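Here is how the chains run, residue by residue.
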Amino acid sequence: MDNNKVLGIIIVFICLLVFFNINSKSETDKNTPSKTVAGSTQTQTSRPAEKQPTKTEPATTVQDDSAKIARLDSLARSILLEAEKRNTAGMQPYFQQMQQEGVTQVSQPQVAAKATPTCQPIRMELEKGHVISGSVCARMLYVYNGKEHYVGYCRP
């Protein structure tokens, strides 16, 4: 072999060794977090095979939010039922309850009914891609914690 080929093979071999050495160090650093023991300056490293206990957030906040949203949806449906009866005075207590629950914005309820039984069913879009239809439809929107919530129904 000529000297240039031997030198090239040696350089490639050294580069591969350096590359694998760097990768193996970075993987072990990721798998072995160091912990400081209280009252000392020594650090302990855990082995990758040991399982560290993980702390999880309590799920009560998610359950509380879903329960609150269900309550707000129920209040919104009550508003829609009063709007269908054209009872604006009956809607006011529900609007006030929603504001007390933390709703920041409420849209005006929309109610639509078929003019005659032979007309096509009414179609309303609640959210993007979610369409409801029927002979009498009502919908509204409220904002809770910065997120929009659509509520609506249709009767056959």
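Residues numbered from 1 in each chain as written. Predicted model: local features only at pLDDT ≥ 70, side-chain atom pairs only at ≥ 80, totals over all residues. Heavy atoms only, no water.

**Things to note about the overall build of the protein chain**
For step 1, the next point in the chain: Regarding its fold elements, the protein chain presents 3 helices and 8 strands.
For step 2, the next point in the chain: Secondary structure elements of the protein chain, listed N to C terminal, follow the sequence α-β-β-α-α-β-β-β-β-β-β.
For step 3, the next point in the chain: Put simply, the protein chain shows about 12,100 Å² of open surface, and 54% of that area lies on carbon and sulfur atoms. (Helix = DSSP H or I, 4+ residues; strand = E, 2+ residues; numbered from the N terminus. Areas by Shrake-Rupley, 256 points an atom, 1.4 Å probe, with all protein chains shown as cover.)

**Description of the state of the cysteines**
For step 1, the next point in the chain: As enumerated under the stated definition, the model contains 1 disulfide in all.
For step 2, the next point in the chain: Linked covalently through their sulfurs, cysteine 137 and cysteine 154 form a disulfide whose S-S length is 2.0 Å. Residues cysteine 137 and cysteine 154 are joined through a disulfide that is right-handed, its torsion about the S-S bond being 115 degrees. Highlighted residues: cysteine 137 in strand E7 (residues 136–144) and cysteine 154 in strand E8 (residues 147–155), separated in sequence by 17 residues.
For step 3, the next point in the chain: Taking the relative accessible area as the measure of exposure, cysteine 137 reaches 0% and is therefore buried. (Disulfide = S-S within 2.5 Å. Buried < 20%, exposed > 50% of the residue type's maximum accessible area, 1.4 Å probe, protein only.)

**Description of the pairing of E8**
For step 1, the next point in the chain: In this structure, E7 lies alongside E8, joined through 9 bridges in antiparallel fashion. If you follow alanine 138 over to E8, its bridge partner there is tyrosine 153.
For step 2, the next point in the chain: Counting the residues that bridge the hairpin from E7 to E8 gives 2 residues, and of these asparagine 145 lies at a positive phi of roughly 55 degrees. (Pairing = 2+ DSSP bridges.)

**Some details on helix H3 (residues 88–100)**
For step 1, the next point in the chain: Helix length check: H3 (13 residues) gives 19 Å between terminal C-alpha atoms against 18 Å at 1.5 Å per residue, within 8%.
For step 2, the next point in the chain: All buried positions along H3 are accounted for by Gly90, Met91, Phe95 and Met98. Angularly, the buried residues of H3 cover 135 degrees about the axis, an arc narrow enough to put them on a single face. In H3, the exposed positions that point more than 90 degrees away from the buried face belong to Ala89 and Gln100.
For step 3, the next point in the chain: Two residues or fewer after H3 comes glycine 102, characterised by a positive phi angle close to 110 degrees. (Expected span 1.5 Å × (residues − 1). Arc of directions from axis to C-beta.)

**Looking at the confidence of the model for the protein chain**
For step 1, the next point in the chain: Mean pLDDT over the protein chain: 77, with 64% of residues reaching 70 or higher.
For step 2, the next point in the chain: Summarising per-element confidence for the protein chain, the mean pLDDT is lowest in strand E1 (residues 34–36) (44) and highest in E7 (94).
For step 3, the next point in the chain: With pLDDT under 50 throughout, residues 32–47 is counted as low confidence; its partners more than four residues away or in other chains account for 17 contacts. (pLDDT = per-residue confidence, 0-100. Contact = heavy atoms within 4.5 Å.)

**Describing the pattern of salt bridges**
For step 1, the next point in the chain: Scanning the model with the defined rule gives 3 salt bridges in all.
For step 2, the next point in the chain: For glutamate 101, the salt bridge is made with lysine 68, and the minimal N-O distance between the two is 3.6 Å. On the criterion of sequence distance, the pair formed by glutamate 101 in the loop between H3 and strand E3 (103–106) and lysine 68 in helix H2 (residues 60–84) is long-range, its members being 33 residues apart.
For step 3, the next point in the chain: With a relative accessible area of 25%, glutamate 101 lands in the partly exposed category.
For step 4, the next point in the chain: With a relative accessible area of 27%, lysine 68 lands in the partly exposed category. (Salt bridge = Lys/Arg side-chain N within 4 Å of Asp/Glu carboxyl O.)

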